[in-house]
There are 2 protein chains.
Amino acid sequence: MSGIGFERLGSDGTARRGRLDTAHGSVATPAFMPVGTAATVKAMAPEAVRETGAEIVLANTYHLMLQPTAERIAGLGGLHEFMNWQSPILTDSGGFQVMSLAKLRQLDESGVRFRSHLDGSSHELTPERAIEIQALLGSDISMVLDECTSYPASEDDAAKSMRLSLRWAERCLAVSRPPPGQGLFGIVQGSTYGELRAESAAGLIDLGFDGYAIGGLAVGEGQTEMFRVLDVSLPQLPAERPRYLMGVGKPADIVGAVGRGIDMFDCVLPTRSGRTGQAFTAGGALNIRNARHREDPRPLEDGCPCAACRSYARAYLHHLFRAKEMLGPMLLTTHNLTYYQRLMAELRAAIEVGRFAEFAADFADRQAAGDIEPL
Amino acid sequence: MSGIGFERLGSDGTARRGRLDTAHGSVATPAFMPVGTAATVKAMAPEAVRETGAEIVLANTYHLMLQPTAERIAGLGGLHEFMNWQSPILTDSGGFQVMSLAKLRQLDESGVRFRSHLDGSSHELTPERAIEIQALLGSDISMVLDECTSYPASEDDAAKSMRLSLRWAERCLAVSRPPPGQGLFGIVQGSTYGELRAESAAGLIDLGFDGYAIGGLAVGEGQTEMFRVLDVSLPQLPAERPRYLMGVGKPADIVGAVGRGIDMFDCVLPTRSGRTGQAFTAGGALNIRNARHREDPRPLEDGCPCAACRSYARAYLHHLFRAKEMLGPMLLTTHNLTYYQRLMAELRAAIEVGRFAEFAADFADRQAAGDIEPL
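Note that the structure is predicted; figures quoted are calculated from it, not measured.

> Could you give an account of the overall build of chain A, with specific residues and numbers?
Tallying secondary structure elements over chain A gives 15 helices and 16 strands in all. The dimensions of chain A, computed from C-alpha atoms along their principal axes, are 60 × 45 × 40 Å. Considering chain A as a whole, with its 375 residues, one finds that 56% of them fall into the buried category. Sequence-distant contacts, at least 24 apart, represent 68% of the contacts inside chain A between residues at least 6 apart.

What follows is the structure in structure tokens.
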């Protein structure tokens, strides 16, 4: 494969410090990717996303293939130009969103036919079409089309689903022609069954991808089970390639997964929570809509360098949410993405100096001691 | 009065070029004030408002007295600190919003009692309380409480309403103690009746205010009638004090009013239109939701220096509105406020070089030649 570069810069136990090199620049890992579903990180200008420290964002093939369509984005110069984000972009393949959003889904060996959740129009996504769409978008990192196995699943159902995803991964690879600096990741499935995860990983490694994602987690199995699946899955993956845990997660999930050897994450939590008034801090999450903030002159988090904490009292942010003003979601999203990027920077620094275990313990203590509010 | 400064820097016919000097800095006039109703210009961070060229914003006493309350804002250091806007702020007195938004209004000589449109709670606004609230907010320019006469109104009703506003203006002035760099404006009422406008202006001038607003216009009377009222009202006002046309307006309204001698404007049009997808350009207004923009690689307006026009195609903006993404309103509001501020800068420059009439004629030609879309 032409592929993307991945350099391992250090490690601390199973935790890894690295760097992705793509056609649109480098990304320090472990990395968190803000989600830009419809070619925009909700409530944020791209310059502001970059200012939070983000070096890569994720966009959704499913949403973009429906509107404005991949062909239209290609005609306008590709996704980077379209959304004014000149840094790396990872695109998912659309499989997860088809299963969670689309109507009247019909899945068979060839792919999946469905109707748009927007207007009911008919569409088809095959492994070949998923690759074509992501090439039209100009994605730096494309994902194979997979079936995200529902949870819970019987071992038999999980095996059938995983093997279908493996055959689809082979078809994706067969048609993928990424130019230098762009690459394709495989996705390990197998639900919570260790032997299926091992079979999936071995099959994907035989095919050979630029990186390997762990799919089918953060779907309701809980953190303990998720970590157990990571513990059995990650040793199967080649150390020299990046590892991406899809759709994860809460800050504590990320700390635990980095400790187990994950390099990349994406999750809607910081952006979605920001829009509903939940702010992440070292002391836990707080709900700015709570009346106890209405006269509080303090920032969301002391020492946070984000635009919200630099200039605004909790009382003002509380007021913005009470008044349903857009600036509220804008500022809390800014803060939450900054919180996530600072966490990733702290994790990278801890690995570099061989103090990951101490950092993880301190992190848990701070969260336990914090003023966490029920949300 | 302690008052605010106003220096006349030049004129061209009846059009005036000047500078307001307040405790929070200076404002070049003619000036357009973006509306920050609830202590935020909707969909904009204050830094971004400033970048459009705005030097002063307006906030609404009615909204802020209900939520978060003037006392709470005062406790947090005043409105400038609260909303992170360190430049001048003009506050209206709440009279207009009480009449347009509040429920169960009871108006008499003492003031107006009403119920909040938010939660039905009971409140009272008197001339004295309106001044107290604006002092608590720390407004640079406060407005007297007035009754915004409904339109159309009989001459008798308009006279009664105007004289009540005049008595309220006197009561406002009696309790107003603005520190240096802050001031109080009177509001000329009288509906469309020239003699009533003259009586109102004369009464206010006898009392003596830092500036004079023209109220009760842009309420359905149309541009021709509005300009006629300005033509009979403005010669009554002292040349050495600033003149503010409240709630106006469309770009062509502003050009015509500047030509007649208005120095200050406010209007929700650029911000509200931006949120619904209407963009102002030299060629008229365009609706970005229109399907004809869906593949258009051009910016909203060639040569516009705003963040939207620098980095985004009309096709992307169209996509954002179709996808109901917040970045759409954010970018169109940025563009529209930039358009308004550029228009004001062009008007100021035209007056400075004695070419206002040519500018106004060119402006009308450009609008007539443009690709104006029905909205």
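On we go.
> Describe the nonpolar core, and please don't skip the residues or the numbers.
One finds Val57(A), Phe185(A), Leu317(A), Val57(B), Phe185(B) and Leu317(B) to be the most contacted residues of the largest nonpolar core, which totals 241 residues. Discounting residues that sit within four places of it in the chain, Val57(A) has contacts with Met33(A), Pro34(A), Gly36(A), Val41(A), Val49(A), Trp85(A) and Ile89(A).

> Give a detailed account of the pairing of strand β11 (residues 183–188) of chain A, specifying residues and quantitative values.
In summary, the side chains of a regular strand alternate between the two faces of the sheet. Residues and elements named next belong to chain A. The buried fraction of β11 is high, at 6 of 6 residues. Residue alternation in β11 divides its side chains into two sets, Gly183, Phe185 and Ile187 and Leu184, Gly186 and Val188, and both sets are buried. Taken together, the 3 bridges between strand β10 (residues 141–143) and β11 define a ladder with parallel strand orientation. When the bridges of β11 are listed, Met143 appears paired with Phe185. As defined by bridge partners, β11 adjoins strand β12 (residues 211–214) across 4 bridges and the pair is classed as parallel. Bridge pairing in β12 places Phe185 opposite Gly211. At this point the chain moves from β11, through helix α8 (residues 194–207), to the parallel β12, and the crossover so formed is right-handed.

> Kindly report on the interface of chain B and chain A, identifying the contributing residues and their values.
Residue-level contacts link 32 residues of chain B with 32 residues of chain A. Elements with a contribution of two residues or more to the side of chain B that touches chain A: α3 (70–75), α4 (79–83), α12 (307–311), α13 (314–322) and α14 (327–352) of chain B. When residues of the side of chain B that touches chain A are assigned to their parent elements, the largest contribution, 5 residues, is made by α13(B). Considering only residue class, the side of chain B that touches chain A consists of 20 nonpolar, 6 polar and 6 charged.

> Tell me what's going on with the relation of the copies chain B and chain A, and back it up with residues and numbers.
Its rotation angle being 180°, the transformation that places chain B on chain A also includes 0.0 Å of axial translation and leaves an RMSD of 0.0 Å. Each copy turns onto its partner about a two-fold axis. The position closest to the rotation axis in chain B is occupied by the C-alpha of Met326(B), lying 4.0 Å away. Of the residues that chain B buries at the interface, 100% are likewise interface residues in chain A, meaning the two copies contact each other through the same surface.

> Which residues make up the sheet that holds strand β6 (residues 89–92) of chain B, and what values do they have?
Residues and elements named next belong to chain B. Spatial ordering of the open sheet is given by β4-β14-β13-β12-β11-β10-β6-β5, a layout of 8 strands whose pairing is parallel. Because the sheet does not close on itself, it has two edges, and the strands there are β4 (31–33) and β5 (57–60). The sheet shows a mean angle of 25° between the axes of neighbouring strands, direction not considered.

> Outline the sheet that holds strand β7 (residues 103–108) of chain B, listing residues and values.
All names here are of chain B. Judged by pairing direction, the sheet is antiparallel, and its 3 strands sit side by side in the order β7-β8-β9 without closing on themselves. Only two strands of the sheet have a single neighbouring strand rather than two, namely β7 and β9 (122–125). Neighbour-to-neighbour, the strand axes of this sheet turn through a mean angle of 15°, independent of strand direction. Pairing of β7 with strand β8 (residues 111–115), which is carried by 4 bridges, proceeds in the antiparallel orientation. By the bridge assignment for β8, Leu107 is matched with Val112.

> Please provide a residue-by-residue account of helix α6 (residues 127–137) of chain B, values included.
Residues and elements named next belong to chain B. Across the 11 residues of α6, 8 count as buried, placing the element largely inside the fold. Taken together, the buried positions of α6 are occupied by Pro127, Ala130, Ile131, Ile133, Gln134, Ala135, Leu136 and Leu137. Looking at the residues trailing α6, positive phi occurs at Gly138, about 80°.

> Can you tell me about the environment of Ile131(A), naming the residues and giving the values?
Residue and element names in this part refer to chain A. Mapped onto the fold, Ile131 is located in helix α6 (residues 127–137). In sequence terms Ile131 and Thr61 are 70 residues apart; their C-alpha atoms lie 9.8 Å from each other. In this structure, Ile131 is in contact with Ser142, Cys172, Val175 and Ser176, ignoring residues within four places of it in sequence.

> Could you give me a rundown of unusual backbone geometry, with the residues and numbers involved?
Residue Gly249(A) is bonded to the preceding Val248(A) through a cis peptide linkage, with omega at 0°. Along the chain, the position of Gly249(A) falls in the loop between β13 (243–245) and α10 (251–260). In this structure, Pro30(B) follows Thr29(B) across a cis peptide bond, with omega equal to 5°. Turning to its location among the elements, Pro30(B) is positioned in the loop between β3 (25–29) and β4. At Leu104(B), a residue that is not glycine, the phi angle is positive and equals roughly 50°.

> Could you give an account of the environment of Gln97(A), with specific residues and numbers?
Residue and element names in this part refer to chain A. Its place among the elements puts Gln97 in helix α5 (residues 95–101). In the structure, Gln97 is positioned 34 residues away from His63 in sequence and 8.1 Å away in space, judged by C-alpha atoms. In this structure Gln97 touches Asn60, Tyr62 and His63, once residues within four positions along its chain are discounted.

> Give a detailed account of the packing of α6(A) against helix α7 (residues 155–175) of chain A, specifying residues and quantitative values.
Residue and element names in this part refer to chain A. At a minimum axis distance of 8 Å, the contact between α6 and α7 shows a crossing angle of 45°. By the angle class used here, α6 and α7 are oblique. In terms of crossing hand, the pair formed by α6 and α7 is right-handed. Between α6 and α7, the contacting residues are Pro127, Glu128, Ala130 and Ile131 on the first element and Trp168, Arg171, Cys172 and Val175 on the second.

> Before we move on, could you go through helix α15 (residues 356–369) of chain B and cite the residues and values that matter?
Spanning 14 residues, α15(B) covers 20 Å between terminal C-alpha atoms, matching the ideal 20 Å at 1.5 Å per step. On its buried face, α15(B) is in contact with β1 (5–12), β2 (15–22), α10 (251–260) and α14 of chain B.

> Residue-level account of the packing of helix α8 (residues 194–207) of chain B against helix α9 (residues 223–233) of chain B, with values.
Residues and elements named next belong to chain B. Across the interface, α8 lies against α9 with an axial gap of 9 Å and an inter-helix angle of 45°. As summarised for this structure, α8 and α9 are arranged oblique, according to the angle between their axes. Handedness of the α8/α9 crossing: right-handed. For the pair α8 and α9, the contacting residues are Gly194, Arg197 and Ala201 in the first and Val229, Val232 and Ser233 in the second. For the contact of α8 with α9, the per-class residue count stands at 3 nonpolar, 2 polar and 1 charged.

> Give me the domain arrangement of chain A: which residues, what numbers.
Residues and elements named next belong to chain A. Domain assignment breaks chain A into domain 1 (5–267) and domain 2 (274–360). Spacing between the C-alpha centres of domain 1 and domain 2 amounts to 27 Å. Of the residues lining the interface, 24 residues belong to domain 1; the matching set on domain 2 comes to 22 residues. Listed by contribution, the elements that provide at least two residues to the side of domain 1 that touches domain 2 are β1 (5–12), β2 (15–22), β4 (31–33), α1 (46–51) and α10. Ranked by the residues each element gives to the side of domain 1 that touches domain 2, the list is headed by α10, at 5 residues. Here the residues of the side of domain 1 that touches domain 2 are counted per class, giving 15 nonpolar, 6 polar and 3 charged.

> Residues and numbers for the environment of Ala360(B), please.
Residues and elements named next belong to chain B. Among the secondary structure elements, Ala360 is positioned in helix α15. By C-beta crowding, Ala360 is classed as partly exposed, having 18 other C-beta atoms within 10 Å. As for Ala360 and Val255, which are separated by 105 residues in sequence, their C-alpha atoms are 6.6 Å apart. Apart from residues no more than four positions distant in its own chain, Ala360 is found in contact with Val255 and Gly259.

Definitions and limits used
- Residues numbered from 1 in each chain as written.
- Chains lettered and ligands numbered in written order.
- Predicted model: local features only at pLDDT ≥ 70, side-chain atom pairs only at ≥ 80, totals over all residues.
- Helix = DSSP H or I, 4+ residues; strand = E, 2+ residues; numbered from the N terminus.
- Buried ≥ 20, exposed ≤ 12 C-beta atoms within 10 Å, placed from the backbone.
- Contact = placed C-beta atoms within 7 Å.
- Core = buried A, V, L, I, M, F, W, Y, C linked by C-beta atoms within 7 Å.
- Pairing = 2+ DSSP bridges.
- Right-handed = clockwise from strand over helix to strand, strands pointing away.
- Nonpolar A, V, L, I, M, F, W, Y, C, P; charged D, E, K, R; others polar.
- Least-squares fit on C-alpha atoms with pLDDT ≥ 70 in both.
- Axes fitted to C-alpha atoms, helices over the stretch in contact; angles between N-to-C directions.
- Parallel < 35°, antiparallel > 145°, perpendicular 65-115°, else oblique.
- Left-handed = near helix turned anticlockwise from the far one by under 90°.
- Expected span 1.5 Å × (residues − 1).
- Domains from an automatic or database assignment.

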